[in-house]
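Commentary on secondary and tertiary structure
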Amino acid sequence: MATCSLANERLRALEDIEREIGAILQNAGNVILELSKEKTNERLLDRQAAAFTASVQHVEAELSAQIRYLTQVATGQPHEGSSYSSRKDCQMALKRVDYARLKLSDVAHTCEQMLEN
């Protein structure tokens, strides 16, 4: 359940980033609209340019964090919220146990045949 909530949290973060990108585009459009006017309001342009810059920096930081997380997941490095490595280790251990049982069964069968002869 914890991995599901972590995945949902990651998806929400990506949705927030997507909304922020929409705001960036809106700010850029407002700046272009203001620049197309004969007489521009410089204070408005400064505010919108500052909002644009701040939003771009925030999106860049958030996307970098998401990429770092995905890099950790993809390379198998230990990271918070994933149980893949542990599950894989457990599956491999169970396969080794099954193989050992099979070989022990073969040895027992061979021993029984030798004792009967």
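Residues numbered from 1 in each chain as written. Predicted model: local features only at pLDDT ≥ 70, side-chain atom pairs only at ≥ 80, totals over all residues. Heavy atoms only, no water.

1. Focus: the overall build of the protein
A tally of regular secondary structure across the protein gives three helices and zero strands. Counting from the amino terminus, helix and strand elements in the protein follow one another as α-α-α. For 117 residues, the compact-globule estimate of 2.2 N^0.38 gives 13 Å, and the protein exceeds it by more than 25% at 30 Å. Across its three principal directions, the C-alpha atoms of the protein cover 110 × 25 × 20 Å. When the 117 residues of the protein are sorted by exposure, 11% land in the buried category. Relative to all contacts within the protein whose residues are 6 or more apart in sequence, the contacts with residues 24 or more apart total 62%. (Helix = DSSP H or I, 4+ residues; strand = E, 2+ residues; numbered from the N terminus. Rg over C-alpha atoms; globule rule 2.2 N^0.38 Å. Buried < 20%, exposed > 50% of the residue type's maximum accessible area, 1.4 Å probe, protein only. Contact = heavy atoms within 4.5 Å.)

2. Concerning the environment of G29
Position of G29 relative to the elements: it lies in helix α1 (residues 2-36). Remark: the alpha-carbon pair of G29 and A51, spanning 22 residues in sequence, is separated by 12 Å.

3. Quick look at a nonpolar patch on the surface
A cluster of nonpolar side chains, L11, L14, I21, L25, L63 and I67, forms an exposed patch at the surface whose accessible area comes to about 540 Å². Sorting the residues of the nonpolar patch by element identifies α1 and α2 (42-75) as the ones contributing at least two each. Considering every element that reaches the nonpolar patch, the biggest residue donor is α1, with four residues. Its location among the elements puts L14 in helix α1. (Patch = residues over 30% accessible without salt bridge, like charges linked within 9 Å, V, L, I, M, F, W, Y side chains within 5 Å. Areas by Shrake-Rupley, 256 points an atom, 1.4 Å probe, with all protein chains shown as cover. Salt bridge = Lys/Arg side-chain N within 4 Å of Asp/Glu carboxyl O.)

4. Some details on the packing of aromatic side chains
Overall, the coordinates contain zero aromatic pairs when judged by the stated rule. Across from the ring centre of Y69, 3.6 Å away, lies the NZ or CZ of R10, which sits over that ring. (Phe/Tyr/Trp six-rings, centres within 6.5 Å; stacked < 30°, edge-to-face > 60°. Lys NZ or Arg CZ within 6 Å of the ring centre and 35° of its normal.)

5. Notes on the side chain of Q48
By secondary structure assignment, the location of Q48 is in helix α2. Given a relative accessible area of 13%, Q48 falls into the buried group. Leaving out residues up to four positions away in the same chain, Q48 has contacts with N27, N30 and V31.

6. Describing α2
Taking 1.5 Å of rise per residue, the 34 residues of α2 would be expected to cover 50 Å, and the 49 Å separating its terminal C-alpha atoms lies within 8% of that figure. Where α2 is concerned, the buried positions are L45, Q48, S55, V59, Q66 and Y69. For α2, the side-chain oxygen to backbone nitrogen distance between the N-cap and R43 is 3.2 Å, and the N-cap itself is N41. (Expected span 1.5 Å × (residues − 1). Polar contact = N/O pair within 3.5 Å; in protein donor to acceptor, adjacent residues only side chain to side chain.)

7. Some details on the environment of I17
Looking at where I17 falls in the secondary structure, it is placed in helix α1. Since its relative accessible area comes to 5%, I17 is described here as buried. The spatial distance from the C-alpha of I17 to the C-alpha of K37 is 31 Å, given a sequence separation of 20 residues. Leave out the neighbours within four places in its chain, and I17 touches V59, E62, L63 and Q66.

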